[in-house]
Number of protein chains: 2
Amino acid sequence: MRFGLFGGAHRAPTGASGDSQTYRRFIDYVAEAEQLGFTSVFLVEHHFTGSGQISASLTLLSYLAAMTSTLRLGTAVTVLPWHNPVLLAEQAATVDLLSGGRLEFGVGRGYRPNEFHGFNVDPAEAADRYAECLDILLRSWTTDGRFSHEGKFWTFRDVVVEPKPAQSPHPPIWVAAGSEGSIRAAAASGYRLLLDQFATPDQTFERIDWYRGATTAAGRVFDPRAVAVTRGLLLLESNDPAVREAEVNRRITALGKINQSSQVPGSSAPPTGSFFNDSRLSTEEAAILGPPDECVERLKVLEAAGVQTVLFNDLWGGADRLRRFARDVMPAFA
Amino acid sequence: MRFGLFGGAHRAPTGASGDSQTYRRFIDYVAEAEQLGFTSVFLVEHHFTGSGQISASLTLLSYLAAMTSTLRLGTAVTVLPWHNPVLLAEQAATVDLLSGGRLEFGVGRGYRPNEFHGFNVDPAEAADRYAECLDILLRSWTTDGRFSHEGKFWTFRDVVVEPKPAQSPHPPIWVAAGSEGSIRAAAASGYRLLLDQFATPDQTFERIDWYRGATTAAGRVFDPRAVAVTRGLLLLESNDPAVREAEVNRRITALGKINQSSQVPGSSAPPTGSFFNDSRLSTEEAAILGPPDECVERLKVLEAAGVQTVLFNDLWGGADRLRRFARDVMPAFA
């Protein structure tokens, strides 16, 4: 079993000096994770939250490429409807080149109301924008000569997109999906599958079954490494139930704030459903929660169902929790 | 006098392995330049040449931020009409944060026919697109709360653009300008001035006079460090006239190829004029050309006219020429 990081967890308050320190802390955290045996980092991309979130994920991954040597560098996800496809292809290929072929490229349609509002993109167009952008990305990376594109949202004429990525034919494409239709479509296209941190183990296994089935149906061999499962990480030092309760509550509160910051400013819209769940049940069932032996046990359940890659989202534990994980949990999966 | 690099000089042939090696060589070149006493690198941004040019300049600068510690990291220039202003603000601010406030942000309208053609942008709109993008960039970096923008080309609603850059109020803005009107406008706005590598010393001094005059007229104190002069670097090891002739010819040929690659594919348009000059006279008069004593002399002419920053464009000399420059020329300006 391999372990990675999922986040942008270490957010900064708005303000130059605060941001700078917090970016630095996050970089140190990622660099130490590599030393501890973690094998990947997947960065979110978000905008306009007011909480100093990571927005330019590929720009940060490029810096992390220089600070690491083996870590796989992922986006989870790059929201295609916000981006010029050709500029995005160039940026991603540059990160892939600079990192020696370590980019894992996660893509999504977008789901946060505040981002559609801020970028002035109609959510009803998201699927078409996503599909057109992904099509142009793949053509950009794999076309040797020049090509032209005239689509619904973009026109490019006689372009040769360079540099080309280091990985051939292009960096792995990861899709964050939860519904049966999306998961089967990802498998049919040969994309990898990023599963969320909110679904219970049983829901997660059902999704992996859909993916495995659709992969086989498409005539491909299922590779367990094409699936990554994201989980909250709440490894505890203590068996004290009060400590456990406090950590669970802290996570629920933090998730609620993240959810609120993804709504249109001033709106009182209900929490976003499909990609998000800040219920107590979700944290208690889905997170890797508890003292070391319980965390091992929860991970063994995933492993027994064929999960080989788990990405941890830890909103405040920092390098200290990673060190304890590497010392007390990782050896059980060596 | 301070010396920097200007380029993207180390281009790669198309193809993954070639690109990767050449990016690596360029990174080593820049890192060594810092050790040798060069104080800045300004990266071009170009697209669709077919020669494996650097396209994602900020992505590469982010990597260079991690590989250097004092070098100023510039773009020369980021072509604003190609970019989503908010994404660009986020990317530039991220580089500024990650580098500890070392970003020098050069901006331009674009001038290459193949890029307008490829991105399907009407050159007649370039000035308006540039102005609107620059306006949004500055608002993004300097507005503490949320703002909205409804312009000719872009609409953003209730956005707070984060992270904020490390430099306050924002990274220095550099404008590549040559005409009197553009130069006076840059000075009036408080932007810095990037002068090209093609104009003769006398033309260059006239431009600095315009900039100085307009700065003073706007009630500001003229800072010589707000002007950088780009020059071709042809430091020669030999006094042999045949070697000199061969190097001059090599540069003229290389510039001609660059110019051809900036035309619309298949067009036989004449060379682009305003930002480009591949004449023999331009190289012979403007480049820092010759054995060490002649290079010192040519730089002393610039220094005497108040030039304090020279950025070198060297299309093939590599780290070896930088080392010779540091050993044989730099001490005359210590």
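None of the values given here were measured: they were computed from a predicted structure. (Residues numbered from 1 in each chain as written. Chains lettered and ligands numbered in written order. Predicted model: local features only at pLDDT ≥ 70, side-chain atom pairs only at ≥ 80, totals over all residues. Heavy atoms only, no water.)

> Just to check I follow, could you spell out the overall build of chain A for this structure?
Looking only at helices and strands, one finds eleven helices and twelve strands in chain A. The C-alpha radius of gyration computed for chain A amounts to 20 Å, which stays within 12% of the reference 20 Å derived for 334 residues, consistent with globular compactness. Along the first, second and third principal axes, the C-alpha atoms of chain A reach 65 × 50 × 40 Å. For chain A, the proportion of its 334 residues judged to be buried stands at 58%. (Helix = DSSP H or I, 4+ residues; strand = E, 2+ residues; numbered from the N terminus. Rg over C-alpha atoms; globule rule 2.2 N^0.38 Å. Buried < 20%, exposed > 50% of the residue type's maximum accessible area, 1.4 Å probe, protein only.)

> Explain the interface of chain B and chain A here, please?
How big an interface is tends to be reported as the loss of accessible area on association of its parts. Every contact between the two is made by 54 residues of chain B and, on the other side, 54 residues of chain A. Between chain B and chain A, roughly 4600 Å² of surface is buried when both sides are summed, and carbon and sulfur atoms account for 58% of that area. Broken down residue by residue, the surface that chain B buries against chain A is led by B:Phe48, B:Leu98 and B:Glu162, which jointly contribute 14%. Joining chain B to chain A, the criterion identifies zero salt bridges. Where chain B meets chain A, there are 23 residue pairs in polar contact (both at pLDDT 80 or more). Secondary structure elements with two or more residues in the side of chain B that touches chain A: α1 (16-36), α2 (57-67), α3 (85-98), α4 (113-119) and β6 (155-159) of chain B. (Contact = heavy atoms within 4.5 Å. Buried area = accessible area lost by both parts, 1.4 Å probe. Salt bridge = Lys/Arg side-chain N within 4 Å of Asp/Glu carboxyl O. Polar contact = N/O pair within 3.5 Å; in protein donor to acceptor, adjacent residues only side chain to side chain.)

> Is there a simple way to explain the packing of aromatic side chains in this structure?
Given two aromatic rings, their pairing is described by the distance between the two centres and the angle made by the two planes. All names here are of chain A. As enumerated under the stated definition, the model contains 28 aromatic pairs over all chains in all. Seen in terms of ring centroids, Phe-3 and Phe-312 are 5.7 Å apart; in terms of plane orientation they differ by 15°. Their pairing is stacked. Taken together, the residues Phe-3 in strand β1 (residues 2-7) and Phe-312 in strand β12 (residues 309-313) connect sequence positions 309 residues apart. Taken as a pair, Phe-3 and Phe-312 share a single burial class, namely buried. The interplanar angle of 35° and the centroid separation of 6.1 Å between the aromatic rings of Phe-26 and Tyr-29 together place this pair among those described as tilted. With Phe-26 and Tyr-29 both in helix α1 (residues 16-36), this residue pair falls three residues apart, about one helical turn. Judged by relative accessible area, which is 6%, Tyr-29 ranks as buried. (Phe/Tyr/Trp six-rings, centres within 6.5 Å; stacked < 30°, edge-to-face > 60°.)

> What exactly am I supposed to notice about the relation of the copies chain B and chain A here?
Two copies of a chain can be linked by a rotation about an axis combined with a shift along that same axis. Superposing chain B onto chain A takes a rotation of 180° combined with a translation of 0.0 Å along the rotation axis, leaving an RMSD of 0.0 Å. Those values place the two copies in the arrangement expected of a two-fold rotation axis. Closest to the rotation axis within chain B is the C-alpha of B:Tyr63, separated from it by 2.2 Å. A shared binding surface is used by both copies, with 100% of the interface residues of chain B retained as interface residues in chain A. (Least-squares fit on C-alpha atoms with pLDDT ≥ 70 in both.)

> When you look at the pairing of strand β10 (residues 227-235) of chain A in this model, what are you seeing that I'm missing?
Here is the key point about a regular strand: its side chains alternate between the two faces of the sheet. Residues and elements named next belong to chain A. Across the nine residues that make up β10, a large majority, nine, are buried. Residues Val-227, Val-229, Arg-231, Leu-233 and Leu-235 point to one face of β10 and Ala-228, Thr-230, Gly-232 and Leu-234 to the other, with burial holding for every one of them. Relative to β10, strand β9 (residues 192-195) runs parallel, the two sharing three bridges. Paired with Leu-193 across the bridge in β10 is Val-227. (Pairing = 2+ DSSP bridges.)

> In this structure, what is going on with the packing of helix α2 (residues 57-67) of chain A against helix α3 (residues 85-98) of chain A? I would like to understand it.
The description of two packed helices rests on the angle between their axes and on the distance between the axes. All names here are of chain A. α3 packs onto α2 with a crossing angle of 15° between their chain directions and a minimal axis gap of 9 Å. The orientation of α2 relative to α3 falls into the category roughly parallel. Considering how the two elements wind past one another, α2 and α3 form a crossing that is left-handed. Contacts between α2 and α3 pair Leu-58, Leu-61 and Ser-62 from the former with Leu-88, Gln-91, Ala-92, Val-95 and Leu-98 from the latter. Along the lines of polarity and charge, the residues of the contact of α2 with α3 split into six nonpolar, two polar and no charged. (Axes fitted to C-alpha atoms, helices over the stretch in contact; angles between N-to-C directions. Parallel < 35°, antiparallel > 145°, perpendicular 65-115°, else oblique. Left-handed = near helix turned anticlockwise from the far one by under 90°. Nonpolar A, V, L, I, M, F, W, Y, C, P; charged D, E, K, R; others polar.)

> I'm lost on the pairing of strand β11 (residues 309-313) of chain B in this one. Help?
Residues and elements named next belong to chain B. Among the five residues in β11, five count as buried, and that is most of the element. Bridge count for strand β1 (residues 2-7) against β11 is four bridges, and the pairing is parallel. In the sheet register, Arg-2 faces β11, and the bridge partner there is Thr-309. Sheet topology note: the strand β9 (residues 227-235)/β11 ladder contains four bridges and is parallel. Residue pairing across strands places Val-229 opposite Val-310, the latter belonging to β11.

> Before we go on, may I ask you to explain unusual backbone geometry in this structure?
The omega torsion across A:Ala76 and A:Val77 is 0°, close enough to zero to call that bond cis. Locating A:Val77 in the fold gives a position in the loop between β3 (72-75) and β4 (78-79). At B:Phe48, a residue that is not glycine, the phi angle is positive and equals roughly 65°. Within the fold, B:Phe48 resides in the loop between β2 (40-43) and α2. Positive phi, close to 60°, is recorded for B:Asn120, a residue that is not glycine.

> For this particular structure, what's the right way to read the pattern of salt bridges?
Side-chain pairs of opposite charge can arise where the charged atoms are in close proximity. Counted by the stated rule, this structure contains 34 salt bridges over all chains. The closest approach of N and O atoms between A:Arg212 and A:Asp209, which form a salt bridge, is 2.6 Å. Taken together, the residues A:Arg212 and A:Asp209, both in helix α7 (residues 201-217) and three residues apart, mark about one turn of the helix. For B:Arg129, the salt bridge is made with B:Glu125, and the minimal N-O distance between the two is 3.1 Å. With relative accessibility at 25%, the residue B:Glu125 sits in the partly exposed group. The network of salt bridges with common partners includes A:Arg72, A:Glu104 and A:Arg192.

> Help me out: how do you make sense of the state of the cysteines in this one?
Such a bond, covalent and formed between the sulfur atoms of two cysteines, is termed a disulfide. Taken as a whole and assessed by the stated rule, the structure comprises zero disulfides over all chains. Sulfur of B:Cys133: no disulfide; nearest cysteine sulfur belongs to A:Cys133 and is 18 Å away. (Disulfide = S-S within 2.5 Å.)

> Is there a simple way to think about the confidence of the model for chain A in this case?
One rule of thumb: low pLDDT means the predicted coordinates there are not for detailed reading. Residues and elements named next belong to chain A. Put simply, chain A has an average pLDDT of 93, and 94% of its residues get 70 or more. Across residues 14-18 the pLDDT falls below 50, and counting only partners more than four positions away or on other chains, this stretch makes eight contacts in the model. Scoring of the predicted complex yields 0.96 for pTM and 0.96 for ipTM. (pLDDT = per-residue confidence, 0-100.)

> What exactly am I supposed to notice about the side chain of B:Arg112 here?
Residue and element names in this part refer to chain B. Counting through the fold element by element, Arg-112 comes out in the loop between β4 (103-108) and α4. Buried within the structure, Arg-112 lacks any salt-bridge partner; its nearest side chain of opposite charge belongs to Glu-115, at an N-O separation of 4.5 Å. Those residues within four positions of Arg-112 in sequence are excluded, and the remaining contacts are His-46, Thr-49, Ile-258 and Ser-262. (Lys, Arg positive; Asp, Glu negative; His and termini not counted.)

> Any chance you could explain the nonpolar core here in plain terms?
Where a protein is soluble and globular, its nonpolar side chains tend to be buried together. If you look at the biggest cluster of nonpolar residues, it comprises 192 residues, and the most contacted ones within it are A:Phe105, A:Leu299, A:Phe325, B:Phe3, B:Phe105, B:Leu299 and B:Phe325. Ignoring sequence-local partners within four residues, the contact set of B:Phe105 consists of B:Leu58, B:Thr75, B:Thr78, B:Leu88, B:Ala92, B:Leu137, B:Trp141, B:Pro171, B:Pro172, B:Ile173 and B:Trp174. In this structure, B:Leu236, B:Val248, B:Ile252 and B:Phe276 belong to the second largest nonpolar core, which totals 13 residues. (Core = buried A, V, L, I, M, F, W, Y, C linked by side-chain atoms within 4.5 Å.)

> What is the right way to read helix α8 (residues 241-261) of chain B from this model?
The periodicity of an α-helix, 3.6 residues per turn, causes residues three or four positions apart to be oriented the same way. All names here are of chain B. Compared with an ideal rise of 1.5 Å per residue, which puts 21 residues at 30 Å, α8 spans 30 Å between its outermost C-alpha atoms and is within 8% of the ideal. All buried positions along α8 are accounted for by Glu-247, Val-248, Arg-251, Ile-252, Ala-254, Leu-255, Ile-258, Asn-259 and Ser-261. Among the structural elements, α4, β9, α9 (280-286), β10 (288-290), β11 and α11 (318-328) are those in contact with the buried residues of α8. Between a side-chain oxygen at the N-terminus of α8 and the backbone nitrogen of Ala-242 the separation is 2.8 Å; the capping residue is Asp-240. (Expected span 1.5 Å × (residues − 1).)

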